[in-house]
Amino acid sequence: MKAASFAYGRPNSMSDALALLADADGEIRIMAGGQSLGPMLNLRLVQPPRIVDIAGLAELRSVERDGEALVIGACVTHADIEDGRIPDVTQGVLPRIARGIAYRAVRNRGTIGGSLGHADPAADWVTTLAALGASVQLTSSAGRRDLAVTEFIQGALQTALRPGELVTAIRLPSLSPAARFGYAKACRKPGEFAHAMAAVLIEPDTARSRIVIGAIDTTPIVIDDSSLFGGAITEFRQSFDRDLADRLLMQAGVTDPAARHIHVSVLARAIAEAAP
Amino acid sequence: MTDAAPTASDARAPRGVGARLLRKEDDRFLRGRGQYVADIRLPGLKDVAFVRSPVAHARIKAIHIPAAFRDVVFTADDLAGIKPIRAVSGLPGFKISEQPVLAVGKVRHVGELVAMCVAGSRAEAEDIAAAVELELEPLPAVHDMRLARAAGSVLVHEHWGDNVFLETNFEVDISAALDAPIKVTREISTARQCMAPLEGRGVIATFDHRLDQLTLYTGSQMPHIVRNGLSDCLGIEQGRIRIIAPDIGGGFGHKGILLPEEVCLSWLAMHKGWTVRWLEDRREHLSASANCREHAYDITVYADRDGRLRGIDCVAIVDSGAYSSYPFSACLEAAQIASILPGPYRMPAYRCRTYSVATNKCPILPYRGVARTGVCFALELLLDAVAVEAGLEPGEVRLRNLVQPQDMPFDNITNKHFDSGDYPGALQRALVAIDVPAVRARQQRGEPDGRLIGTGVSIYCEQAAHGTSVYAGWGIPMVPGHEQATARLTPDGGLELRVGVHSHGQGLETTLAQVACEILGVDPDKIRVVLGDTAMTPYSTGTWGSRSMVMAGGAVGTACAQLVARATRIGAKLLQLSPEAVVWREGRACGPNGSVSLAEIAHTWYRRPQDLPADVDPAGLEVTSGYKPVRDSGTFSYAAHAVTVAVDPDLGEVELLDYVIVEDGGVLVNPMIVDGQILGGLAQGIGTALYEEMPFDEAAQPLATTLADYLLPGPTEVPAPRLFHMETPSPYTMFGVKGIGEGGAIAPPAAIANAVNDALRPLGAELMQSPLSPRRIVAAVLAAKQASAT
């Protein structure tokens, strides 16, 4: 279990990083903490000829407010968020999710941007940030574009990232005081990959909701309307339609009834947690 | 620091048998100074990576080695004269498998060695391995042991005509049980597992031209047995082989076999003159080597209305994998099932058929608790089913059937000879400690979080240190005889003990010193225990079968007793007394008016022989002696485990709320170390119960090839158990000790499954398969709901 040989670059500036990416004519992998990529390299599941390690870029570790939103640099670690070293616009949701990611050793090095770029369906950020309505800032030498997390994630380990492009930041809208958030996941052991996961955001003031079911073999299921609650979010806990959730999971390819039952039960717990 | 844990320097505390002495070896382990195979650096060391079969079953059409690597890649064609590994059982009907060290003609499991690649580093060796191209003609794979027995199945070894290594039958008049009013029948299975010691396997081979000797460093529990096997495969005399097993980071049986890799590296060292190393990585460990435990039972238990057992009828299958591993063979696991299934329970009728079945999986290896974990799971789950039928508490059913202490020693229905013990006493203590009535009351109340509470018990017995008479019957390549130890006084009065067993976590450097201290009176701090080197230690079959404390402890005790006799005679000379007038006390030869210390005796013998008279006993102060218990059919340690769980029926999650163990391992040489053994075993048992599983697909591809997929219990999964000891001495062993190395891992799966089933009983759900994963629990709950709805 030793990685195949690869060229390793650790640029000192964004412009160097983008130049390296633009120059790459073969496959290139971006390392932003290496907590998933490292094992994949060692198992030779990926054998990129070049790796660009962006974890040292100061620009990507910065956090700034943009009006009501928070822009989090891609290389902010889970531990930075867990420990409150960055501001929070989510009334504690962000640090709480960070605390539940894998193990502390992973959180010390793993980054929020790296997690999204890796796009593991069982990753906490993929599900949570989709529910919170976050967007991803993508930068290349040609310029910058923003994509909603729900558009960025295109499948298991698949993203909309183009060659030469880099996740540089996550833009997170602030959570209104009235918003209700619930989150639940099922893991065989604390810190292991989740086999069921759900995030629930209910916004009573705008009468909107967003439900995300993660940890399935494909893109998370995102329910942007109130269909799961019979069309209205008032009394959402009581009106949760388990059968509809079950059907959506079936459509997403979860054929095992026991697995679906666990997913739906986890979703029910996230909903219960969001309920007043 | 509590009174129970004296420091190593507290000279006033008792230090012999029974002392909770801190472990001598922990100074180096806790400082990170242990030396494992991977820590050894030799000049010119090269690394080896293997080309392994990517498929479970195929004919090898060709192996293409790029021209640039011709000199560093070797296949079976290069290994002229090397014999395959053969582990033949003498049991009638056993079919022999020959395991080529590098595949010949066919590959029979994923991960089988096909070629070896040598380079300056492991990464470069893996690059070369990746460049070697295998041309394979795929064959259908035998992936399921039940299907493997079906007529027309693909054959793992074509010339056998079927896929059965061995079938055994045992019966005591089953017809006498058939009219019993209670009859419960279940299909039970335990998953294929991996052993997962912290340290994987590792081998370094080098050739010493001065000594004309191959030196093999290998993480082995049994260096002398490795030498036997290597000598056979390499075709060279044993004197030309030295096996050194340095510190071992956990064995559990995985390090109790001869590896094809050991033979391969030996060949490289001998024929290429290279010093070569192979370190097993975790993927190799999981997918190609350390498999164990896969059992399936069709079992019926017959009982009277009052829960008394009338008989057991069982067919058991063990998935032995593709080859018979050396030295324990492919059938030790299955063939033992028939003899150990009834355990400490009385019954008038019994029948058991067993099959050791070949499949396209890697060979099954003996894992801590060998066969017993599966047997305990099968029988103890069925006893709970009997309890339900009889309307009795599970504990009560067991109390009505266990052998009573006044019936000891006891020969059970399969003629297992139980040396001593109070099984009902242990169970009753466990039932009191777990407080069954309180659990029943809590079940009545219900839980605010909707979880379901359950409690379960299980009892196991562990035959340990079984010797010549038992193993001669199996007829495998290794039969333990008298265990030997050398006890050697140094000129300064220190003691060196040399034993052929090995310590891979058991703390033998401490416990064997405690035995010597007990007899000779030498402070354990002045005792060095030499293990793990064929050049330095007497022959031994090694450490397995919970035998080392009984056997090597007995041997050390015997050798030390002889040393006492010799030292007494010399001491008597120095005291100018007749030997009869001198007694040995606290490390001194004592006469009526004076005494002389062991150090003075040693000093005189070695350095001032002129002070001794001419007629002194010439035998000296170095003794090698052998030991066997009075009866070598084994010691029987045992325990009752009781656990209370909370089960989440929607998520299938199990929390262990309380865990009680009442164990009886006879006289304990070091109760602190025994506690550690039990805790470690419990963790492994919890893994078996709830987490560990190596699944295979229909192509017999292993599906859990990393530790992200193969789940091991960690600190958050292992509760602190409440541990109680009973000490019923064995009548047959020195000090009354019994082997206790494996027991902790045997009982937990059964106790936990019984507790989960107890919790799920109101829903009508029942699980008969380990591990009890969330998916299996939820599936059982859904199935029960569906059944009650229709």
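Caption draft 1: Just the overall build of chain A, in detail. On a plain count of helices and strands, chain A comes out with 11 helices and 14 strands. By the compact-globule yardstick of 19 Å for 276 residues, chain A fits well, its C-alpha radius of gyration being 19 Å. Buried positions account for 45% of the 276 residues belonging to chain A. Expressed as a percentage of contacts within chain A between residues at least 6 apart in sequence, the contacts between residues at least 24 apart total 62%.

Caption draft 2: Main features of the overall build of chain B. Helices and strands together make up the secondary structure of chain B, namely 18 helices and 33 strands. Taken over C-alpha atoms, the radius of gyration comes to 27 Å for chain B, in line with the 28 Å a tight globule of 790 residues would show. In terms of principal-axis extent, the alpha carbons of chain B reach across some 95 × 75 × 50 Å. Looking at chain B as a whole, 57% of its 790 residues are labelled buried. Across chain B, every contact between residues at least 6 apart in sequence was considered, and the portion connecting residues at least 24 apart equals 80%.

Caption draft 3: Broad picture of the nonpolar core. In terms of nonpolar packing, the biggest core is built from 335 residues, with A:Leu116, A:Val200, B:Cys117, B:Ala516, B:Val556 and B:Val756 touching the most fellow members. In terms of residue count, the dominant contributor to this core is helix 14 (residues 548-575) of chain B (15 residues). With residues up to four places along the chain from it excluded, the contact list for B:Ala516 reads B:Ala487, B:Leu495, B:Leu497, B:Val522, B:Ile527, B:Val556 and B:Cys560.

Caption draft 4: Spotlight on the interface of chain B and chain A. In this complex, chain B contributes 22 residues to the contact, which on the side of chain A involves 18 residues. Secondary-structure elements contributing two or more residues to the side of chain B that touches chain A are helix 2 (122-131), helix 6 (282-288) and helix 18 (774-789) of chain B. Here the side of chain B that touches chain A takes 5 residues from helix 18 of chain B, the largest share from any one element. A breakdown of the residues in the side of chain B that touches chain A according to their chemical character gives 9 nonpolar, 4 polar and 9 charged.

Caption draft 5: Highlighting the packing of helix 14 of chain B against helix 15 (residues 598-607) of chain B. Residues and elements named next belong to chain B. In contact at an axis separation of 10 Å, helix 14 and helix 15 are set at 85° when each is read in the N-to-C sense. When the axes of helix 14 and helix 15 are compared, the pair comes out roughly perpendicular. Facing helix 14, whose interface residues are Ala567, Ile570, Gly571 and Leu574, helix 15 presents Leu598, Ile601, Thr604 and Trp605. For the contact of helix 14 with helix 15, the residue count by class is 6 nonpolar, 2 polar and no charged.

Caption draft 6: Geometry of the sheet that holds strand 24 (residues 495-499) of chain B. Residue and element names in this part refer to chain B. Strand order across the open sheet formed by 4 strands is 25-24-23-29, with mixed pairing between neighbours. One side of each edge strand has no neighbouring strand; the edge strands of this open sheet are strand 25 (527-530) and strand 29 (622-627). Averaged over all neighbouring strand pairs, the angle between strand axes comes to 20°, with direction disregarded. Pairing analysis gives 4 bridges linking strand 24 to strand 25, with the strands arranged parallel. Bridged to Glu496 within strand 25 is Arg528.

Caption draft 7: Representation of the sheet that holds strand 7 (residues 113-119) of chain B in the model. Residue and element names in this part refer to chain B. Pairing within the open sheet is mixed, and its 7 strands lie in the order 3-7-1-15-12-13-14. Looking along the sheet, the strands with just one partner apiece sit at the ends: strand 3 (73-75) and strand 14 (241-244). The average angle at which neighbouring strand axes cross in this sheet is 25°, direction not considered. Those strands touched by helix 2 are strand 1 (46-52), strand 3 and strand 7, and its axis lies near 30° from that of strand 1. Across the sheet, helix 5 (residues 260-272) touches strand 1, strand 7, strand 12 (202-208), strand 13 (213-218) and strand 15 (276-279), and the angle it forms with strand 12 is around 25°.

Caption draft 8: A look at unusual backbone geometry. Note the cis peptide between B:Tyr326 and B:Pro327, where omega equals 5°. Within the fold, B:Pro327 resides in the loop between strand 18 (309-319) and helix 7 (332-340). Of note in this structure, A:Ala102 is not a glycine but carries a positive phi near 40°. Within the secondary structure, A:Ala102 sits in the loop between helix 4 (93-99) and helix 5 (104-109). Taking the number of C-beta atoms within 10 Å as the measure of exposure, A:Ala102 has 19 and is therefore partly exposed.

Caption draft 9: A look at the domain arrangement of chain A. Residue and element names in this part refer to chain A. Entries for chain A in the domain assignment read domain 1 (7-53), domain 2 (58-173) and domain 3 (180-274). Just the C-alpha atoms count here: the centres of domain 2 and domain 3 sit 21 Å apart. Each partner contributes residues to the interface: domain 2 has 18 residues there, and domain 3 has 19 residues. Sorting the residues of the side of domain 2 that touches domain 3 by element identifies helix 4, helix 7 (124-131) and strand 8 (153-155) as the ones contributing at least two each. Here the element with the most residues in the side of domain 2 that touches domain 3 is helix 7; it accounts for 5 residues. For the side of domain 2 that touches domain 3, the per-class residue count stands at 12 nonpolar, 6 polar and no charged.

Caption draft 10: Inspection of helix 17 (residues 748-760) of chain B at higher detail. Between its terminal C-alpha atoms helix 17 of chain B stretches 18 Å, which fits the 18 Å expected from 13 residues at 1.5 Å a residue. With 13 of 13 residues buried, helix 17 of chain B lies mostly within the body of the structure.

Caption draft 11: How the structure looks around the pairing of strand 1 of chain B. Residues and elements named next belong to chain B. Most of strand 1 sits out of view: 5 of its 7 residues are buried. When strand 1 meets strand 7, the two strands line up antiparallel, connected through 6 bridges. Within strand 7, the position partnered with Val48 by the bridge is Val118.

Caption draft 12: Quick look at the environment of B:Leu365. All names here are of chain B. Looking at the secondary structure, you find Leu365 in the loop between strand 19 (349-357) and helix 8 (372-390). Judged by local crowding, Leu365 falls into the buried class, with 24 C-beta atoms found within 10 Å. In the structure, Leu365 is positioned 171 residues away from Cys194 in sequence and 9.2 Å away in space, judged by C-alpha atoms. Those residues in contact with Leu365 that lie beyond four places of it in its chain are Gly253, His254, Ile257, Ala290, Asn291, Cys292 and Ser325.

Caption draft 13: Spotlight on the environment of B:Pro695. By the secondary structure assignment, B:Pro695 is in the loop between helix 16 (671-691) and strand 32 (722-726). When the C-alpha atoms of B:Pro695 and B:Thr705 are compared, they prove to be 9.7 Å apart, with 10 residues separating the residues in sequence.

Caption draft 14: Spotlight on the confidence of the model for chain B. Averaged over all residues, the pLDDT of chain B is 96; the fraction at 70 or higher stands at 98%. For this predicted complex, the interface score ipTM comes out at 0.96, alongside a pTM of 0.97.

Caption draft 15: Expanded view of the pairing of strand 25 of chain B. Only one face of strand 25 of chain B is buried, namely the one carrying B:Ile527 and B:Val529, since none of B:Arg528 and B:Val530 on the opposite face is buried. Read as a crossover between parallel neighbours, the route from strand 24 of chain B over helix 13 (residues 508-520) of chain B to strand 25 of chain B is right-handed.

Caption draft 16: Here's a closer look at the environment of B:Ala751. All names here are of chain B. Position of Ala751 relative to the elements: it lies in helix 17. A residue is classified by how many C-beta atoms lie within 10 Å of it, and Ala751, with 31 of them, is buried. Residues in contact with Ala751, not counting those within four places in the same chain, are Gly456, Val457, Ser458, His641, Ala642 and Val643.

Caption draft 17: Broad picture of the packing of helix 9 (residues 394-401) of chain B against helix 10 (residues 423-434) of chain B. All names here are of chain B. Relative to each other, helix 9 and helix 10 sit at 165°, their axes nearing to 10 Å. As judged from the angle between their axes, helix 9 and helix 10 are roughly antiparallel. In this structure, the crossing between helix 9 and helix 10 has a hand that is left-handed. Along its contact with helix 9, which presents Gly395, Arg398 and Leu399, the element helix 10 presents Pro424, Leu427 and Leu431. Partitioning the contact of helix 9 with helix 10 into residue classes produces 4 nonpolar, 1 polar and 1 charged.

Reading the values: rules and limits
Residues numbered from 1 in each chain as written. Chains lettered and ligands numbered in written order. Predicted model: local features only at pLDDT ≥ 70, side-chain atom pairs only at ≥ 80, totals over all residues. Helix = DSSP H or I, 4+ residues; strand = E, 2+ residues; numbered from the N terminus. Rg over C-alpha atoms; globule rule 2.2 N^0.38 Å. Buried ≥ 20, exposed ≤ 12 C-beta atoms within 10 Å, placed from the backbone. Contact = placed C-beta atoms within 7 Å. Core = buried A, V, L, I, M, F, W, Y, C linked by C-beta atoms within 7 Å. Nonpolar A, V, L, I, M, F, W, Y, C, P; charged D, E, K, R; others polar. Axes fitted to C-alpha atoms, helices over the stretch in contact; angles between N-to-C directions. Parallel < 35°, antiparallel > 145°, perpendicular 65-115°, else oblique. Pairing = 2+ DSSP bridges. Domains from an automatic or database assignment. Expected span 1.5 Å × (residues − 1). pLDDT = per-residue confidence, 0-100. Right-handed = clockwise from strand over helix to strand, strands pointing away. Left-handed = near helix turned anticlockwise from the far one by under 90°.

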